[in-house]
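This is what each chain is made of:
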There are 2 protein chains.
Amino acid sequence: MLLSLNTATIKRATLAEAARLCVEHGITGIGPWRDVIEGAGGAAAARTVLDDHGLTVTTLCRGGFFTTPDGVDDTRRALDEAATLGTRELVLVVGGLHAGSKDLPAARQTVADALEQLVPQANATGVRLAIEPLHPMFCADRAVVSTLGQALDLAEPFAPHEVGVVVDTYHVWWDPDLFAQLKRARGRISSYQVCDWVVPLPADMLLGRGHVGDGHIDFPPITRAVLDADYDGYVEVEIFNQSIWDTPPAETVATMVERHRLID
Amino acid sequence: MLLSLNTATIKRATLAEAARLCVEHGITGIGPWRDVIEGAGGAAAARTVLDDHGLTVTTLCRGGFFTTPDGVDDTRRALDEAATLGTRELVLVVGGLHAGSKDLPAARQTVADALEQLVPQANATGVRLAIEPLHPMFCADRAVVSTLGQALDLAEPFAPHEVGVVVDTYHVWWDPDLFAQLKRARGRISSYQVCDWVVPLPADMLLGRGHVGDGHIDFPPITRAVLDADYDGYVEVEIFNQSIWDTPPAETVATMVERHRLID
């Protein structure tokens, strides 16, 4: 599997810096976040930068947050940006409970309804809605979709080119049903993302992710199952970690390349 | 459902203090931890204290940690202590990955093997092995059993009076399969424990639990499903939270009683 650099891993870098680091380290894929695209002058300008460096855009991160008032409209804008960037995969973090509500089934229904609203535009733009199940510890505030099985249930009413799923080791590694669901995910895997589970988690649990090999996840069996599900895309390294962000980006990218061998 | 006070909720109190607070607040059940029992002079001495206060011992916390060298032997001692205390339910936190290992299936197999070793003693003592699925964020270091479904799979080879499951709202509230699994749990529910999911989690994620009503969990539907699964025991309030531990125990117990109405 070829490596892709998710820009969140080197949060301080501009798009141009990230693109240059990719080229210098032999990385041919990049998964940008929308704030980095905006910082580069928008999707059209960003695409020029990425094309100039010969990079494949593996995903755009992210749309979603459907349980907030602007979620669907913001995702419509993200679909257009993804199309302009030339990626076929828009990662969705679906959102947590509605503000002031404890009604988990209602939040999940809102997500299903949003997908139905967005699929026509996904088709029109040629961009897939890629549902990312987030670790259950983010259920209240970030994503009421917590397992790959749940993401696949939401995707099932739609064609595989319309709605896909993101498999991020950090979010799914613990799931006793993971390997059964990966079989079921054939044709639906939009992105394979990796980072490691490190304990203890830091105060901000969003930032507890580690370089591949620094934590407790056994990557090769998961990678094999992803490949067995006919995934033929890149493996995207996405790490949220304050101490990695405080490291010079070139050093982080070098580590990422060095750890590639541990993924499969 | 009658209230039971899990002694972890008022961690600073001795067993005698906890027992007195129960009587003063009209609570008739108590779920002690083993360190509190030890502090009271052992199981026989503790039972005298609890009998003197007319308290029902709803659970003993805890055995398990089967992936550590002493796990099975320690759980044998805990089964004896539970029998001496007169409770039928020994809560098990099954343990995380083996030290230095990333082999999750192997850790889960170790748990299954440990149960098989322990069931004869459970039968002999009349104490049930009560598997507690812990939130997936504890998978690496505390419990490789993360869902109620997984706990029931482990329990299934044994009779319902031999191996049961603990339903703790904090650990299971996010699970999209929760209500289906609660139906399946009929006759197996050893304990129903409650506390709330509060965000953001604190630095020590073990201590992020809140009083019922302070967080994001919708308790009544879960309580109804537990009752529908023929559970006729107490509801045990177990909260790990540094600021609650820093509160005078009498105040904590008063809050717990006041929040009872929010559970069902």
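About the thresholds
Residues numbered from 1 in each chain as written. Chains lettered and ligands numbered in written order. Predicted model: local features only at pLDDT ≥ 70, side-chain atom pairs only at ≥ 80, totals over all residues. Heavy atoms only, no water. Helix = DSSP H or I, 4+ residues; strand = E, 2+ residues; numbered from the N terminus. Contact = heavy atoms within 4.5 Å. Least-squares fit on C-alpha atoms with pLDDT ≥ 70 in both. Buried < 20%, exposed > 50% of the residue type's maximum accessible area, 1.4 Å probe, protein only. Pairing = 2+ DSSP bridges. Axes fitted to C-alpha atoms, helices over the stretch in contact; angles between N-to-C directions. Parallel < 35°, antiparallel > 145°, perpendicular 65-115°, else oblique. Left-handed = near helix turned anticlockwise from the far one by under 90°. Nonpolar A, V, L, I, M, F, W, Y, C, P; charged D, E, K, R; others polar. Right-handed = clockwise from strand over helix to strand, strands pointing away. Buried area = accessible area lost by both parts, 1.4 Å probe. Salt bridge = Lys/Arg side-chain N within 4 Å of Asp/Glu carboxyl O. Polar contact = N/O pair within 3.5 Å; in protein donor to acceptor, adjacent residues only side chain to side chain.

## Details of the environment of Trp173 of chain B
With respect to the secondary-structure elements, Trp173 of chain B resides in the loop between α7 (169-172) and α8 (178-184). For the pair formed by Trp173 of chain B and His135 of chain B, sequence separation is 38 residues and the distance between their alpha carbons is 9.1 Å. Those residues within four positions of Trp173 of chain B in sequence are excluded, and the remaining contacts are Leu104, Cys139 and Ala140 of chain A together with Leu178, Trp197, His216, Ile217 and Ile222 of chain B.

## A closer look at the relation of the copies chain B and chain A
After a rotation of 180 degrees and a shift along the axis of 0.0 Å, chain B superposes on chain A with an RMSD of 0.0 Å. Those values place the two copies in the arrangement expected of a two-fold rotation axis. When C-alpha distances to the rotation axis are compared across chain B, the minimum falls at Ala203 of chain B, with a value of 1.8 Å. Of all interface residues in chain B, 100% are interface residues in chain A too; the two copies therefore contact each other through one and the same surface.

## A short note on helix α6 (residues 148-155) of chain B
All names here are of chain B. α6 sits mainly inside the fold: seven of its eight residues count as buried. All of the buried residues in α6 are Leu148, Gly149, Gln150, Ala151, Leu152, Leu154 and Ala155. Among the structural elements, α5 (104-125), β6 (128-131), β7 (163-168) and α8 are those in contact with the buried residues of α6.

## A closer look at the sheet that holds strand β6 (residues 128-131) of chain A
Residue and element names in this part refer to chain A. Strands sit in the order β3-β2-β1-β11-β8-β7-β6-β5-β4 across an open sheet of nine strands; the sheet is parallel. Each of the sheet's edge strands pairs with one partner strand only, and the pair in question is β3 (56-57) and β4 (60-64). Two elements, strand β1 (residues 3-6) and strand β11 (residues 235-237), share three bridges in a ladder whose sense is parallel. Bridge pairing links Leu3 to Val235 in β11. Each of β5 (89-93), β6 and β7 (163-168) is contacted by helix α5 (residues 104-125), which is oriented at about 140 degrees to β6, the strand it contacts most. Against the sheet, helix α9 (residues 219-228) contacts β7 and β8 (189-194), and its axis sits at roughly 165 degrees relative to β8.

## Focus on the packing of helix α3 (residues 43-52) of chain A against helix α4 (residues 71-85) of chain A
Residues and elements named next belong to chain A. Two numbers describe how α3 lies on α4: the axes approach to 8 Å, and their chain directions differ by 30 degrees. Classified by the angle between their axes, α3 and α4 sit roughly parallel to one another. Like other packed secondary-structure pairs, α3 and α4 cross with a definite hand, here right-handed. Two secondary-structure elements touch here, α3 through Ala43, Ala44, Ala46, Arg47 and Leu50 and α4 through Glu81, Ala83, Thr84 and Leu85. Across the contact of α3 with α4, the residue classes tally to six nonpolar, one polar and two charged.

## Let's talk about the pairing of β1 of chain A
Residue and element names in this part refer to chain A. The alternating pattern of β1 places Leu3 and Leu5 and Ser4 and Asn6 on opposite faces, both of which are buried. Relative to strand β2 (residues 29-31), β1 is paired through three bridges, and the arrangement is parallel. By the bridge assignment for β2, Asn6 is matched with Gly31. After leaving β1, the chain enters helix α1 (residues 15-24) and then returns to the sheet as β2, a path that is right-handed.

## A word on the pairing of β8 of chain A
Residues and elements named next belong to chain A. β8 sits mainly inside the fold: six of its six residues count as buried. In terms of strand pairing, β7 meets β8 through four bridges, oriented parallel. Of the residues in β8, the one forming a bridge with Val166 is Ser191. The sheet contact formed by β8 and β11 spans three bridges and is parallel.

## A few points about unusual backbone geometry
Here the amide bond leading from Cys61 of chain A into Arg62 of chain A is cis, since omega sits at 0 degrees, within 30 degrees of zero. Here Arg62 of chain A lies in strand β4. At the junction of Val199 of chain B and Pro200 of chain B, the peptide bond is cis and its omega measures out at -5 degrees in the coordinates. Among the secondary structure elements, Pro200 of chain B is positioned in the loop between β9 (196-197) and β10 (209-210). Residue Phe65 of chain A is not a glycine yet carries a positive backbone phi of 45 degrees.

## Observations concerning the interface of chain B and chain A
Chain B puts 29 residues into the contact, and the matching count from chain A is 29 residues. Each partner contributes to the roughly 2200 Å² buried at the junction of chain B and chain A, and carbon and sulfur atoms together form 70% of this total. Its largest share of buried area at the contact with chain A, chain B owes to Lys102, Trp173 and Trp174 of chain B, together 25% of the area lost on that side. Taken together, the links from chain B to chain A amount to zero salt bridges. The tally of links between chain B and chain A comes to four residue pairs in polar contact (both at pLDDT 80 or more). When contributions to the side of chain B that touches chain A are tallied by element, the ones reaching two or more residues are α5 and β9 of chain B.

## As for the environment of Arg34 of chain B
Residue and element names in this part refer to chain B. Note that Arg34 resides in helix α2 (residues 34-39). For Arg34, a relative accessible area of 15% gives the class buried. Taking C-alpha positions, Arg34 is 13 Å from Thr58, a pair spaced 24 residues apart along the chain. Each residue touching Arg34, except ones within four places of it in the same chain, is listed here: Leu60, Cys61, Arg62, Asp74, Arg77, Ala78 and Glu81.

## Concerning the packing of α4 of chain A against α5 of chain A
Residue and element names in this part refer to chain A. Here α4 crosses α5 at 20 degrees, and the two axes come no closer than 10 Å. Taken together, the axes of α4 and α5 lie roughly parallel to each other. In the packing of α4 onto α5, the handedness of the crossing is right-handed. Of the residues in α5, those in contact with Val72, Thr75, Arg76, Leu79, Asp80 and Ala83 of α4 are Ala114, Gln117, Leu118, Gln121, Ala122 and Thr125. Across the contact of α4 with α5, the residue classes break down as six nonpolar, four polar and two charged.

Such coordinate-based values are descriptive only and should not be taken to indicate function.
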